[in-house]
Amino acid sequence: MKSCCGNATVVSTPVAASCCGGDSTADDTGCCGPAKTFDWVLWGSGSFVVTGYLGWLLLGQVGPSWLATLLHTSFEMVNAMWWGVISASLFVGLLGRIPRELVMSVLGQAGSRQGIFRATLAGLMLDLCNHGILMIGMKLYERGASIGQVMAFLIASPWNSLTLTLILIGLIGLQWTLVFIVASLAIAWVSGLIFDRLVVAGVLPANPNHQQPQKVHVRVTLKQVWQDEDWTLSGLAMMFWQGLKESKTVLRWVFLGVVLVALVRAFVPEDSFGVWFGASAGGLLLTLLAATVIEVCSEGSSPIAADLVTRAAAPGNGFTFLMAGAATDYTEIMSLKDTTRSWKIALFLPLVTVPQVLLLGWLMNSMAAG
């Protein structure tokens with residue numbers, strides 16, 4: 001069989017005879033991959049989160065305030081994220097069993113406006129937190145979606161779930177909630193188009209998993225998948241476990257995000273809220289900076305964004321805070337880098353989206369002031 005070293009090299013025993021050097025290993029196809037090492041980020045951050053969660057359950061608000069804040073942050077964020085992670089793991093496990101042709105048929109032609117639009121709507125309709133959406137988005141890339149479709153899906157999704165939309169309506173009213181939704185969908189669609197155009201121009205690498213879509217009878221294929229799958233409790237458990245294993249790349253950064261949020265909450269004081277984050281250009285930039293530094297899950301970002309709308313009288317800042325989770329979230333950036341193996345794709349996420357977010361945020365603040 002052909003080796004990844006070159007077309008002329010033949011490997012008789014794929015694992016034993018490989019082109020890989022000392023820092024790489026060969027998989028069962030004979031191609032090179034990074035050597036397996038202990039994942040300090042995953043297990044170190046995961047241990048911190050589990051310890052903090054159990055510590056709050058057992059100790060509560062005991063000891064110095066900073067310690068109580070560390071423990072409570074782990075407890076609060078795990079309670080906010082667990083359902084999204086479990087739901088996404090099941091979905092990722094199921095997605096791995098669905099034929100690639102069906103996935104691409106539903107998403108539409110990669111690189112087309114219709115494909116970007118379908119990916120944007122898919123992100124809007126999925127009722128998951130940003131961490132769950134990120135896990136599914138990475139799986140879509142592996143199934144052959146274009147980078148523009150993946151970006152549109154991710155940007156449209158984080159806070160646009162039904163649950164959080166209803167919460168926002170109660171906090172800031174229907175009018176501003178609808179403005180936020182329309183603005184976020186516009187950014188998602190435009191960003192998706194830009195990313196696909198950058199791929200066509202050769203600025204960004206194309207998805208190596210992409211294949212030309214084939215005509216698929218969606219109903220027939222779904223019926224066959226349903227009949228072939230084991231829907232017993234043990235079968236669902238296996239599906240969940242497989243999805244969880246495939247999502248390790250995302251989970252490692254999710255856990256690290258919880259650690260950073262806990263440290264910021266414990267050691268960075270919250271004061272002068274309305275002064276620093278008011279409806280000004282400086283307040284808008286500070287809001288973007290704060291949302292970038294303080295990784296907040298979608299459930300946690302909604303109340304903070306609502307506070308910016310009501311208490312700071314800056315709806316544009318609230319919108320910026322919500323969208324920064326998709327535009328500057330380091331968990332998303334690092335997961336994109338690991339999945340696409342391209343720093344350029346990952347760093348183009350904030351480069352493409354942040355100017356749009358700031359522009360619309362400034363327009364919203366101007367509307368409120370006028």
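None of the values given here were measured: they were computed from a predicted structure. (Residues numbered from 1 in each chain as written. Predicted model: local features only at pLDDT ≥ 70, side-chain atom pairs only at ≥ 80, totals over all residues. Heavy atoms only, no water.)

Some remarks on the UniProt feature "transmembrane region" (unreviewed entry) in the protein chain
Under the convention used in this document: UniProt positions are given in the numbering used here, feature names are shortened, and annotations may be inferred rather than shown by experiment. Helix and strand assignments follow DSSP, with helices taken as H or I runs no shorter than four residues and strands as E runs no shorter than two, numbered in order from the N terminus.
If you check UniProt for "transmembrane region" (unreviewed entry), the listed places come out as residues 41–59, 80–96, 116–138, 150–172, 178–195, 250–268, 274–294 and 345–364 in our numbering. Helix makes up 100% of residues 345–364 and strand 0%, and the two end C-alpha atoms of the span are 29 Å apart.

Focus on the packing of aromatic side chains
How two aromatic rings sit relative to each other is given by the distance of their centres and the angle of their planes. Defined as follows: Here is the rule: rings of Phe, Tyr and Trp (six-membered ring for Trp) pair when centre to centre is within 6.5 Å. Planes less than 30 degrees apart are stacked, more than 60 are edge-to-face, and the remainder are tilted. When accessible area is computed with a 1.4 Å probe and restricted to protein chains, residues below 20% of their type maximum are described as buried, those above 50% as exposed, and intermediate ones as partly exposed.
Applying the stated rule across the entire model yields five aromatic pairs. A ring pair is formed by Trp56 and Phe75, whose centres lie 6.5 Å apart and whose planes are at 40°; its orientation type is tilted. Taken together, the positions of Trp56 in helix H1 (residues 40–59) and Phe75 in helix H2 (residues 65–95) put the pair 19 residues apart, joining distant regions of the chain. Geometrically, the ring pair formed by Trp176 and Phe180 is tilted, given 6.3 Å between the ring centres and 55° between the ring planes. Placement of both Trp176 and Phe180 in helix H8 (residues 174–200) is noted, with a separation of four residues, approximately one turn of the helix. Accessibility classification places Trp176 together with Phe180 in one group, the buried group. The structure contains a cluster of three or more aromatic residues connected by ring pairs, namely Tyr53, Trp56 and Phe75.

A look at the packing of helix H16 (residues 330–340) against helix H17 (residues 343–369)
To be explicit about the condition: As a rule, the C-alpha atoms of each element are fitted with a line to give its axis, helices using only the stretch in contact, and angles between N-to-C directions run from 0 to 180 degrees. When an angle is under 35 degrees it counts as roughly parallel; over 145 it counts as roughly antiparallel; between 65 and 115 it counts as roughly perpendicular; any other value is oblique. Crossings are classed by handedness, with left-handed meaning an anticlockwise turn of the near helix from the far one by less than a right angle and right-handed meaning a clockwise turn. Any two residues having at least one pair of non-hydrogen atoms within 4.5 Å are treated as being in contact. Gly is placed with the polar residues, together with every amino acid not listed as nonpolar (Ala, Val, Leu, Ile, Met, Phe, Trp, Tyr, Cys and Pro) or charged (Asp, Glu, Lys and Arg).
Taken N-terminus to C-terminus, the directions of H16 and H17 make an angle of 155°; their axes are 7 Å apart at the nearest point. Between H16 and H17, the crossing angle belongs to the class labelled roughly antiparallel. In the crossing of H16 with H17, the sense of the turn from one axis to the other is right-handed. Listed contacts from H17 to Glu332, Ile333, Met334, Leu336, Lys337 and Thr340 of H16 are Trp343, Ile345, Ala346, Leu347, Leu349 and Pro350. Looking at the contact of H16 with H17 residue by residue, the class counts come to nine nonpolar, one polar and two charged.

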